[in-house]
Amino acid sequence: MARAPAHAWTSASVPSSFDVMHDSLPARVSTLLPPDWDDAARDAMSAFPSGRDFVLTNFPNARGMHGLGVMLRHPALAKAFLTFNNHVAIKSSLSRRVRELLILRISWLRRSEYEFVQHVVLARNAGVSDADIERVQRGPDAPGWDAFDAELVRAVDELHADARISDTTWQRLSVQYGLTELMDLLFTVGCYEVLAMVFKTFGAQLEPGVTALDESTRARMQGAP
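Anyway, here's the lowdown on the structure attached to this text. (Residues numbered from 1 in each chain as written. Predicted model: local features only at pLDDT ≥ 70, side-chain atom pairs only at ≥ 80, totals over all residues. Heavy atoms only, no water.)

**Quick look at the nonpolar core**
Side chains of a nonpolar character, in soluble globular proteins, are inclined to be buried together. By size, the foremost hydrophobic cluster in this structure holds 65 residues, and its most contacted members are Phe116 and Leu185. When near neighbours in sequence (up to four residues on either side) are disregarded, Leu185 contacts Leu94, Leu102, Leu152, Ala155, Leu159, Ile165, Leu173 and Tyr177. (Core = buried A, V, L, I, M, F, W, Y, C linked by side-chain atoms within 4.5 Å. Buried < 20%, exposed > 50% of the residue type's maximum accessible area, 1.4 Å probe, protein only. Contact = heavy atoms within 4.5 Å.)

Here it is in C-alpha cells:
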C-alpha cells in the first residue's frame, strides 16, 4: 500500500485563515487536511498519487486540498472515485489542454466557482489562452474559436442539456477522434459534473491564495449559460 511521506504537522499548525469562507456557498462539511489524515485517508489518496503529492508538497497553501478534504470524510468512496479521477486527469487519451477546456465548460455550466477557478490555473498551465478561457464562459458560438475546440465545447453543452452528444457533433468530433478519445471525452465531462455537485453541495471553500471570481464574472456564472 502506498503511503504519503511523513510530515511534522499538527492540527495546530493550520493557520486560522482556513476557517474563513472563501467561496459564495457556505461550508456544510469540514475538510480533512493532511495533519489529520489517518491510514484510511492516506490509503484513499494513494489512488491519485499526483494529487496527494501536490497537496503534501504545497501544504498549507495547496490548491484543491479543500475539495479533496471533503471527499476524504468517506475514505472508501474517495478511493473508488479517485481511482477513476486519476485516469481522467492523468491517464486520459485526451491532451491536457482539451481536458481543461471540457472541465472549464462543465464547471461553468454547473455554476461551480470552486471547480472553475481551480481549473483556470490548470488550464493556463496546459496552454489554454485567456481568450479561450473567456470564450468557454460564452459557449461554443462565441466568436474566435478554433472550429474543433468549438465542437468540444458544444459536446459539453449537449451532454449537460440532454446527456447525449448529437449526431452532428459526434460526426464532427469523429473526424479527429477515435472511440477511445470520445469515451475519454464523455467520462471527463461526467467526472467533473459529479465533482461540481460534490463541491457545491458540501460547500468546498477556496484555499488561501486562490483567486475567487470577481463579482461581475460570478454574476454571469450564476446566470449561465
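**Quick word on the packing of aromatic side chains**
The tally for this structure, following the rule as stated, stands at 5 aromatic pairs. Among the aromatic side chains, those forming a connected cluster through ring pairs are Phe81, Phe84 and Phe187. (Phe/Tyr/Trp six-rings, centres within 6.5 Å; stacked < 30°, edge-to-face > 60°.)

**A few points about helix 6 (residues 113-125)**
Here helix 6 contains 13 residues, and its C-alpha end-to-end distance of 19 Å stays within 8% of the 18 Å for a straight helix at 1.5 Å per residue. What helix 6 keeps buried is the set Glu113, Tyr114, Glu115, Phe116, Val117, Gln118, His119, Val120 and Ala123. Following helix 6 by one or two positions, Gly127 adopts a phi angle in the positive range, close to 100 degrees. (Helix = DSSP H or I, 4+ residues; strand = E, 2+ residues; numbered from the N terminus. Expected span 1.5 Å × (residues − 1).)

**Thoughts on the pattern of salt bridges**
Two side chains that carry opposite charge are able to pair once their charged atoms sit near each other. The full count for this structure, using the stated rule, is 17 salt bridges. Between Asp43 and Lys79 there is a salt bridge, with its nearest N and O atoms 3.1 Å apart. A residue pair is termed long-range when its members are at least 10 positions apart, and Asp43 in helix 1 (residues 39-45) and Lys79 in helix 4 (residues 75-91) qualify at 36 residues. Between Glu134 and Arg220 there is a salt bridge, with its nearest N and O atoms 3.9 Å apart. Here the residue Glu134 occupies a position in helix 7 (residues 130-138), and Arg220 occupies one in helix 11 (residues 215-222), the gap between them amounting to 86 residues. Glu134 sits in the partly exposed class, given a relative accessible area of 31%. In this structure Arg220 comes out as partly exposed when scored by relative accessible area, which is 29%. (Salt bridge = Lys/Arg side-chain N within 4 Å of Asp/Glu carboxyl O.)

**Comments concerning the packing of helix 5 (residues 96-109) against helix 10 (residues 179-202)**
Contact geometry of helix 5 with helix 10 gives a least axis separation of 9 Å together with a crossing angle of 40 degrees. Relative to helix 10, the element helix 5 is oriented oblique. As helix 5 runs across helix 10, the sense of the crossing is right-handed. Of the residues in helix 10, those in contact with Arg99, Leu102, Ile103 and Ile106 of helix 5 are Leu185, Thr188, Val189, Tyr192 and Glu193. In terms of residue class, the contact of helix 5 with helix 10 is made up of 6 nonpolar, 1 polar and 2 charged. (Axes fitted to C-alpha atoms, helices over the stretch in contact; angles between N-to-C directions. Parallel < 35°, antiparallel > 145°, perpendicular 65-115°, else oblique. Left-handed = near helix turned anticlockwise from the far one by under 90°. Nonpolar A, V, L, I, M, F, W, Y, C, P; charged D, E, K, R; others polar.)

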